[in-house]
Amino acid sequence: MPMGTPAIAVSAITSHPDQKSDPPSDRTAAAMQAYLRDLAAKEQFTGTALVVRRGKVLVRAAAGAADAEEDIPNRPDTVFRIASVTKQFTSMLVLKLRDRGLLGLDDRVCPYLIPGYIRTCPQAWRPITIREILTHTSGIPDIQGLPGFYIKLSQPTTTRELIQRFVNKPLDFKPGTSWKYSNSGYILAGAIIQAVTRKPYGTVLHEEITGPLSLRHTGYSRRNPPAGYAKGYFTVGSPAPPINGSQAFSATGIYANADDIVRWDRSFGTHKVAPPATVKQAFTPQAPCPSNGCLNLPSSAYAFGWLVDQLHGHRLRYHPGLLQGYAASNMYLPDDDIAVVVLSNVEDTDTNGIARHLATMALKSASARDH
């Protein structure tokens, strides 16, 4: 299905709309637009991409269909499911609740889960800590790898029922001894957030993050995102079944647009989301990655909802997202104040590769300008 010419727009989304791009930035913006247009023409980019460096928009692009059946195009402000980019929000909620004394990172998880979510604590779970479920070092098997996960993905469920699916499965390893990606841990984190606040996950997300940061297009729904969100596709023209938000929950369930995620990223540098020490901890390596990188992506360690990497010698924190019909990548270079967000409603889109290429372009043009 041809997608037509991608819509490419550049507009200020920060508090400094009067700043003018200098000539290298103009060239960089043109190069980024050309790169994305070429990908879109080859049906390798469907979705939105946004690159902001030190408050200046370098590119804000959209391509392809948000809803091919209704002939609705993606726009730069279209809302997408962001899949596992959700994890950095869930981790920050836990860190903020820790700051308020409602829990400790090295607390055992079981006391928070009984009796609301599990009747008794499995023997193997007794040593598992909140830190371990957030850093994929708990050994709890990934719910997405269990039989029937994708069959149930469009059906409503409860957090308790989600946990029942993996509570009695044998651990993949002794807690704290290895690293293996597990959405199950983040489902437990969402349950703990609800247990200590006595509020639904979506409410806590709004009160602690999306409300204070004015992320007006970001949230969590136990059903669907608001009307107008991008529908998911396996490949261009091949629709994916719908996702019920209650199945994705605090591991993969948040929806957002690119503008909001850039605002989220940049809030770390201004300490609007949390105190400096908490932001520092969110980005600090917690567990070493396997030799081929966490999630088979370039990375040396996992922090709290972020992969730890370097890009041309610059600190890079990022996280991919992949869920039925969607792919996402959020990259943030804290020392350079560069945010790169690529969201797609076509699952086979290489959002991480696209984001890395755009981040490299932003870095190189900054270096050229500085010299």
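These numbers come from a predicted model, not from an experiment. (Residues numbered from 1 in each chain as written. Predicted model: local features only at pLDDT ≥ 70, side-chain atom pairs only at ≥ 80, totals over all residues. Heavy atoms only, no water.)

Enquirer: What is the right way to look at the overall build of the protein chain in this model?
Expert: A tally of helices and strands in the protein chain yields 12 helices and 16 strands. By the compact-globule yardstick of 21 Å for 371 residues, the protein chain fits well, its C-alpha radius of gyration being 20 Å. Its C-alpha atoms give the protein chain principal-axis dimensions of about 60 × 45 × 40 Å. By residue count, 60% of the 371 residues in the protein chain fall in the buried class. Long-range contacts, defined as pairs at least 24 residues apart, comprise 70% of the intrachain contacts of the protein chain with a sequence gap of at least 6. Of the side-chain charges in the protein chain, 39 are positive and 30 negative, and the distance between the mean point of each set is 7 Å. (Helix = DSSP H or I, 4+ residues; strand = E, 2+ residues; numbered from the N terminus. Rg over C-alpha atoms; globule rule 2.2 N^0.38 Å. Buried < 20%, exposed > 50% of the residue type's maximum accessible area, 1.4 Å probe, protein only. Contact = heavy atoms within 4.5 Å. Lys, Arg positive; Asp, Glu negative; His and termini not counted. Charge placed at Lys NZ, Arg CZ, Asp CG, Glu CD.)

Enquirer: Teacher, can you tell me more about the state of the cysteines here?
Expert: Cysteine pairs can be covalently joined through their sulfur atoms, and such a bond is termed a disulfide. Under the defined criterion, the tally for this structure stands at 2 disulfides. Through a disulfide, cysteine 110 is tied to cysteine 121; the S-S separation comes to 2.0 Å. Taking the torsion about the sulfur-sulfur bond, which here is approximately 55°, the covalent link between cysteine 110 and cysteine 121 counts as right-handed. Of this pair, cysteine 110 sits in helix 3 (residues 110–113) while cysteine 121 sits in the loop between helix 3 and helix 4 (130–134), placing them 11 residues apart in sequence. Overall, cysteine 110 belongs to the buried group, its relative accessible area being 5%. Each sulfur in the disulfide pair cysteine 289 and cysteine 294 lies 2.0 Å from the other. (Disulfide = S-S within 2.5 Å.)

Enquirer: Where do I start with the sheet that holds strand 6 (residues 80–81) in this structure?
Expert: Within a beta sheet, neighbouring strands are joined by backbone hydrogen bonds and run either parallel or antiparallel to one another. The 3 strands are arranged 6-10-7 in an open sheet whose pairing can be described as antiparallel. Each of the sheet's edge strands pairs with one partner strand only, and the pair in question is strand 6 and strand 7 (219–220). (Pairing = 2+ DSSP bridges.)

Enquirer: How should I be thinking about the pairing of strand 3 (residues 56–63) in this particular structure?
Expert: In summary, the side chains of a regular strand alternate between the two faces of the sheet. Along strand 3, 7 of the 8 residues are buried, which leaves the element largely enclosed by surrounding structure. Sheet topology note: the strand 2 (residues 47–53)/strand 3 ladder contains 7 bridges and is antiparallel. From the neighbouring strand, alanine 49 faces strand 3, where its bridge partner is alanine 61. Where strand 2 folds back on strand 3, the antiparallel hairpin that results is connected by 2 residues, among which arginine 54 adopts a positive phi of roughly 50°.

Enquirer: In this structure, what is going on with the nonpolar core? I would like to understand it.
Expert: Generally speaking, nonpolar side chains in soluble globular proteins are found buried as a group. Grouped together as the largest cluster of nonpolar side chains are 118 residues, with contacts concentrated most on Trp125, Ile163, Ile209, Trp264 and Leu358. At 8 residues, the largest contribution of residues to this core is made by helix 7 (residues 183–197). Among all residues touching tryptophan 125, those that are not within four sequence positions of it are Cys110, Leu113, Ile118, Ile140, Ile163, Phe166, Val167, Leu171 and Leu188. (Core = buried A, V, L, I, M, F, W, Y, C linked by side-chain atoms within 4.5 Å.)

Enquirer: Is there a simple way to think about the packing of aromatic side chains in this case?
Expert: Any two aromatic rings considered together are summarised by their centre-to-centre distance and by the angle between their planes. In the structure shown here, the tally under the stated rule is 14 aromatic pairs. Taking the centre distance of 6.1 Å and the plane angle of 45° together, the rings of phenylalanine 283 and tyrosine 332 count as tilted. One end of the pair, phenylalanine 283, is in helix 11 (residues 276–283); the other, tyrosine 332, is in strand 15 (residues 326–333), with 49 residues separating them in the sequence. Taken individually, phenylalanine 283 and tyrosine 332 each receive the classification buried, so the pair is uniform in this respect. Of the aromatic side chains, those joined through ring pairs into one cluster are Phe89, Trp264, Phe268, Phe283, Trp306 and Tyr332. Of note, lysine 87 hangs over the ring of tyrosine 186, and the distance from its end group to the ring centre comes to 5.6 Å. Sitting above the plane of the tyrosine 229 ring, lysine 231 keeps its charged end 5.2 Å from the centroid. (Phe/Tyr/Trp six-rings, centres within 6.5 Å; stacked < 30°, edge-to-face > 60°. Lys NZ or Arg CZ within 6 Å of the ring centre and 35° of its normal.)

Enquirer: Looking at this structure, how should I read helix 7?
Expert: The periodicity of an α-helix, 3.6 residues per turn, causes residues three or four positions apart to be oriented the same way. Along its 15 residues, helix 7 runs 21 Å from first to last C-alpha, staying within 8% of the 21 Å computed at 1.5 Å per residue. Extensive coverage of helix 7 is indicated by the burial of 14 of its 15 residues. Remark: arginine 198 follows helix 7 within two positions and exhibits a positive phi of approximately 60°. (Expected span 1.5 Å × (residues − 1).)

Enquirer: Looking at this model, I keep getting lost on the pattern of salt bridges. Mind explaining?
Expert: Pairs can form between side chains of opposite charge once their charged atoms are near each other. Counted under the stated rule, the structure contains 14 salt bridges. Of the charged contacts, one joins aspartate 337 and arginine 266 as a salt bridge, the two residues approaching to 2.7 Å between their closest N and O atoms. Residue aspartate 337 is found in the loop between strand 15 and strand 16 (338–344), and its partner arginine 266 is found in helix 10 (residues 258–270); the two are separated by 71 residues along the sequence. Accessibility expressed as a relative area gives 15% for aspartate 337, which makes it buried. With a closest N to O distance of 3.1 Å, arginine 356 and aspartate 309 form a salt bridge. One end of the pair, arginine 356, is in helix 12 (residues 351–370); the other, aspartate 309, is in strand 13 (residues 307–311), and 47 residues separate them in sequence. When salt bridges with common partners are traced through the structure, they connect Lys96, Arg100 and Glu208 into a single cluster. (Salt bridge = Lys/Arg side-chain N within 4 Å of Asp/Glu carboxyl O.)

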